[in-house]
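Summary of the model geometry
Take a look at the letters that make up each chain.
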Amino acid sequence: MSSSGLPAGERFEWFSDLVSREVMPTVISSERPASFHAEAAVMELGELRVSRLAYSPLRSRRTPALIRRSDPEQYQLALVSAGAMSLAQHGNDCDAGVGDLVFWDTSRPSDARSPADDREQQLVILQLPRTVLPLRPRQLDRLLARRIAGGSGVTPVLASFMKSLVDHGDQCTPTQLRQLGAVAADLAAASLAQQLDAEEQLPAEVRKQGLVQQIHTYIEHNLGDPELNPAVIAARHGISVRKLHQLFQAQDEGVHSRIRRRRLERCRADLALPGALARPVHLTAARWGFSGPAVFSRAFREAYGVSPTEFRALSINEAGAGCTLRRSAPS
């Protein structure tokens, strides 16, 4: 949804109504409503909802009167993906920039502001019913209007997951979206518990889900390392190799299979790019961690039924013809 198709005089009111309806009732004001522009996307994730908002600078106030009139009774966790924001709530206040997360309670008055400049603001907001967070309200109060830096542990995993939801969620079925919502709730709980040093209060399954997602993210960031293996992954996350394999027993594939599949998928994507002919196949294999051309070629043929060189040629020819090559999934 975008305000660009509306007359300039209606864009601010459109966005104000949308936020009040889809996120929470709030009083929004702008110093320059005549030049205001905004875009929004909202996705249902079962009990949860994720929203992406991009907008001109504004101020948003959640007043006691609005709370009495309408309260979704949610905690909301926002990732700042562009610009910056300030938030005051429950006697706390913070300034947050790109990559930071900010947490608030819809049942308490709040005051949020954008910097008074022309930068577009972008937020990804995870809307969490109170019941999905297994932490005590008094503990969560300590995090209201506090900047949560996307540094280490579960928080950067959560931030990356939130961005992937709004970028790729429209490709998922309703059942898959509900499953993703359950993962998002577990990651949010794990991230907040980490900020409170209260991980031991989380149910075992929530802690497990947070750890699994951390491991998946670590694998993604290190696919190009030829030394990436279960022993390295286990040591990095403070668990035994046996424990690592146990975690993956509940997944669709083992640790080795996941590393192999993701490396092959990255190589396949690179080989299908325009200009791939200028890059030798063995350099693409090395970029994504394969130990040698022969190992890569054999694995690629097993997964896709053609050699890397044949696949590259077919992709280039069919791209020129406006076609899409049918490919099987790696086993």
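The rules behind these values
Residues numbered from 1 in each chain as written. Predicted model: local features only at pLDDT ≥ 70, side-chain atom pairs only at ≥ 80, totals over all residues. Heavy atoms only, no water. Core = buried A, V, L, I, M, F, W, Y, C linked by side-chain atoms within 4.5 Å. Buried < 20%, exposed > 50% of the residue type's maximum accessible area, 1.4 Å probe, protein only. Helix = DSSP H or I, 4+ residues; strand = E, 2+ residues; numbered from the N terminus. Contact = heavy atoms within 4.5 Å. Salt bridge = Lys/Arg side-chain N within 4 Å of Asp/Glu carboxyl O. Phe/Tyr/Trp six-rings, centres within 6.5 Å; stacked < 30°, edge-to-face > 60°. Lys NZ or Arg CZ within 6 Å of the ring centre and 35° of its normal. Pairing = 2+ DSSP bridges. Axes fitted to C-alpha atoms, helices over the stretch in contact; angles between N-to-C directions. Lys, Arg positive; Asp, Glu negative; His and termini not counted. Expected span 1.5 Å × (residues − 1). pLDDT = per-residue confidence, 0-100.

1. A closer look at the nonpolar core
By size, the foremost hydrophobic cluster in this structure holds 41 residues, and its most contacted members are Leu-77, Phe-103, Leu-126, Leu-133 and Leu-192. For this core, the secondary-structure elements that each account for two or more residues are β2 (38–45), β3 (48–55), β5 (74–82), β8 (101–105), β10 (121–129), α4 (154–168) and α5 (174–195). It is α5 that contributes the most residues to this core, ten residues altogether. Contacts of Leu-133, omitting those with residues within four sequence positions, involve Tyr-75, Phe-103, Leu-128, Leu-140, Ala-185, Ala-188, Ala-189 and Leu-192. The next biggest cluster of nonpolar side chains, apart from the first, holds 29 residues, and it includes Ile-233, Trp-288, Ala-299 and Val-306.

2. Considerations on the pattern of salt bridges
A side chain of one charge can pair with a side chain of the opposite charge if their charged atoms are brought near each other. Going through the model one piece at a time under the given rule, you end up with 20 salt bridges. With a closest N to O distance of 3.5 Å, Glu-253 and Arg-258 form a salt bridge. In this structure, Glu-253 and Arg-258 share a single accessibility class: buried. Among the salt bridges present, the one from Arg-301 reaches Glu-310, with a minimum N-O distance of 3.8 Å. Taking the relative accessible area as the measure of exposure, Arg-301 reaches 42% and is therefore partly exposed.

3. Topic: the packing of aromatic side chains
Evaluation of the coordinates by the stated rule reveals ten aromatic pairs. Positioned over the ring face of Tyr-75 is Arg-130, at 4.9 Å from the centre of the ring.

4. Examining the sheet that holds strand β1 (residues 27–29)
Each strand in a sheet pairs with another by means of backbone hydrogen bonds, the pair being arranged parallel or else antiparallel. Here five strands make up an open sheet; going across it, the order is β1-β4-β9-β6-β7 and the pairing antiparallel. At either end of the open sheet lies a strand with only one pairing partner, and these are β1 and β7 (92–96). Across the sheet, the mean angle separating the axes of adjacent strands is 10° when strand polarity is ignored. In terms of strand pairing, strand β4 (residues 59–62) meets strand β9 (residues 110–113) through four bridges, oriented antiparallel. Paired with Arg-62 across the strands is Ser-110, a residue of β9.

5. So, the pairing of β9
For strand β6 (residues 85–89) and β9, the ladder comprises four bridges, and the chain directions are antiparallel. When the bridges of β9 are listed, Leu-87 appears paired with Ala-112.

6. Looking at the side chain of Asp-186
Inspection of the secondary structure assignment puts Asp-186 in helix α5. With no salt bridge to any partner, buried Asp-186 finds its closest opposite charge in Lys-208, at an N-O distance of 10 Å. Setting aside chain neighbours within four positions, we find Asp-186 in contact with Val-206 and Gln-209.

7. Some points on helix α9 (residues 255–271)
Here α9 is 17 residues long and its end C-alpha atoms lie 24 Å apart, about the 24 Å a rise of 1.5 Å per residue gives. All of the buried residues along α9 are Val-255, Arg-258, Ile-259, Arg-261, Arg-262, Arg-263, Leu-264, Glu-265, Cys-267, Asp-270 and Leu-271.

8. Considering α4
The end-to-end C-alpha distance of α4, which contains 15 residues, comes to 21 Å, matching closely the 21 Å that a straight helix rising 1.5 Å per residue would cover. Along α4, the positions that sit buried rather than exposed are Val-154, Thr-155, Val-157, Leu-158, Ala-159, Phe-161, Met-162, Leu-165 and Val-166.

9. Considering the confidence of the model for the chain
Per-residue confidence for the chain gives a mean pLDDT of 89, with 96% of residues at or over 70. Confidence, expressed as mean pLDDT per element, reaches its minimum in the chain at helix α12 (residues 308–320) with 79 and its maximum at β8 with 96.

10. Quick notes on the environment of Asp-270
Mapping Asp-270 onto the fold places it in helix α9. Counting along the chain gives 42 residues from Asp-270 to Arg-312, while the straight-line C-alpha distance between them is 9.0 Å. Each residue touching Asp-270, except ones within four places of it in the same chain, is listed here: Ala-276, Thr-284, Arg-287 and Trp-288.

11. Some details on the environment of Ala-303
Note that Ala-303 resides in helix α11 (residues 293–304). Assessed through its relative accessible area of 3%, Ala-303 is described here as buried.

12. Regarding the sheet that holds β8
The six strands lie next to each other as β2-β3-β10-β5-β8-β11, forming an open sheet whose pairing is antiparallel. Only two strands of the sheet have a single partner each, and these edge strands are β2 and β11 (147–148). Taken together, the eight bridges between β5 and β10 define a ladder with antiparallel strand orientation. When the sheet's bridge partners are listed, Ala-78 is paired in β10 with Ile-125. Sheet strands touched by α4: β2, β3, β5, β8, β10 and β11. Its angle to β5, the strand with the most contacts, is close to 85°. Across the sheet, α5 touches β2, β3, β5, β8, β10 and β11, and the angle it forms with β2 is around 100°.

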